[in-house]
Every structure is written in structure tokens, then in C-alpha cells.
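Inside the fold
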Amino acid sequence: MRHLTSLLLVVAASLSAAPALAQGNQVERTQAEIALEEAAETLAKDRAGRAEAMRECGAKDYAACTRLGDYHRKGRGGIQDYEAAAEAYRKACSGKDAAGCATLAYLAAKGSGMEQDLPEARRLYKLSCDMGEVSACAGYGNMLYAGKGGPKNVAEGTRHLQAACDGGYEWACDRITGLGAYDPNDDTWERLKDGAGR
């Protein structure tokens, strides 16, 4: 919200410095005037969307609770408030909304709007992944791979990251590449382990 307010002030200041161009009897709007109008329209839409999500969440529409959390977390249509976002995502997750659980896991991992709690983040990522949220599978796989919030399991973490990548979640693909992760279905590791025991 602060960023939008700052943008509106900058645009308004440029409006006074750059008068509209007159061509004959027609007055053309400047880019600054257009930008100010678009910013005002966006703010009005976000405020209406936030109010609607609040009403629907109150009526136990758990996907709306996730949308409400997004409005609070991103500061769209009002002030940015991580605690309110966490509360909305918590309600969404209790209603079995996979996206709400995934974003609540993210906030728990970062400590945004709540105390940082890596074991809880890991639990929430797994819960959301089990409900089919591909981004949560990536988060869960990453925590398994790195040993965050519980025991380290590189093979299982890689499997979850690969599944998320195969599901179209680009961050998981980038993460696998960055980690230099091996293919968990490749039996090379088993052959090497068997050879070491001889």
C-alpha cells in the first residue's frame, strides 16, 4: 500500500509538471495522467476484491480465505499485514484448502506474521502436497533435501522436487538444477553401495 501511495504521489507531481498536449481543439492525456488513472482503478478493484474475500471467508468459503490472505500478505487493497494473512491462511487450511496450507507453511518457514516454526512448516507443506498442491510438494521436497524442520532425506526430497517440476512448477526445476540433484530412480547409487560392501 505504501508503494502504491508513493507511486500515486509521484504521478500526481508529474501531472502538475507536464500539462496535457493540445492539438487543435483536442486535448490528449499524458502518460502520467493515464498511469494515475490506472493506479486508482487497480486500488479500487483490490479494495472491492479484498472486501468480497472477507465476506466470503466469513461464510466459510475457504478458497476465499486464501485470497484474503493474499490481499493481506501483498498489501493489495489495504495495508500489508502478515499476521492477518497468517490468520486467513490458517482458516483456509483448517477448511482443507491446499493453497492456503501451502502459503501458511511458507509464512511459518519465514517467520512472517508468526514465530518461525520449521517443523510446522514442513508438516503443512506435506499436508498441502498430499492434497495435490504442487508448490507445496516443492517446499516439502526442499525441506526434506536440506534437512530443515526434521531429518534430512535427500532421495525423498529429490523425488518431491522432481514431481513438482514434472507438475510444471518451475521453481522446483530450478532448485533441482541448483542442487545438482541426482535422479532418484537411477539405480547407480544401489550398485555403488553393493560394490562397496564387497
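In what follows, the accompanying structure is described. These numbers come from a predicted model, not from an experiment.

Our focus in this paragraph is the side chain of Ser135. Within the secondary structure layout, Ser135 lies in helix α7 (residues 134-146). Assessed through its relative accessible area of 18%, Ser135 is described here as buried. In this structure the side chain of Ser135 is engaged in a polar contact, spanning 2.8 Å, whose partner is the side chain of Glu133. Excluding residues that lie within four positions of it along the chain, Ser135 makes contacts with Ala102 and Tyr169.

Across its 28 residues, helix α2 (residues 31-58) extends 40 Å between first and last C-alpha, which sits within 8% of the 40 Å expected from 1.5 Å per residue. Taken together, the buried positions of α2 are occupied by Ala32, Ala39, Leu43, Asp46, Gly49, Arg50, Ala53 and Cys57.

Applying the stated criterion across every chain yields a total of four disulfides. With its sulfur 2.0 Å from that of its partner, Cys93 forms a disulfide with Cys101. Because the sign of the S-S torsion sets the handedness, a value of about 100° for the bond joining Cys93 and Cys101 places this disulfide among the right-handed ones. A relative accessible area of 8% places Cys93 in the buried class. The disulfide bridge from Cys129 ends at Cys137, spanning 2.0 Å between sulfur atoms.

What follows covers the pattern of salt bridges. Pairing is possible between side chains that carry opposite charge, provided their charged atoms lie close to one another. For the coordinates displayed, the defined rule picks out seven salt bridges. Among the ionic pairs, Glu120 bridges to Arg123, the shortest N-O distance being 2.8 Å. Remark: Arg123 and Glu120 occur in helix α6 (residues 118-130); sequence separation between them is three residues, near one turn of the helix. Here Glu120 falls in the partly exposed class, since its relative accessible area comes to 26%.

What counts and how
- Residues numbered from 1 in each chain as written.
- Predicted model: local features only at pLDDT ≥ 70, side-chain atom pairs only at ≥ 80, totals over all residues.
- Heavy atoms only, no water.
- Helix = DSSP H or I, 4+ residues; strand = E, 2+ residues; numbered from the N terminus.
- Buried < 20%, exposed > 50% of the residue type's maximum accessible area, 1.4 Å probe, protein only.
- Polar contact = N/O pair within 3.5 Å; in protein donor to acceptor, adjacent residues only side chain to side chain.
- Contact = heavy atoms within 4.5 Å.
- Expected span 1.5 Å × (residues − 1).
- Disulfide = S-S within 2.5 Å.
- Salt bridge = Lys/Arg side-chain N within 4 Å of Asp/Glu carboxyl O.

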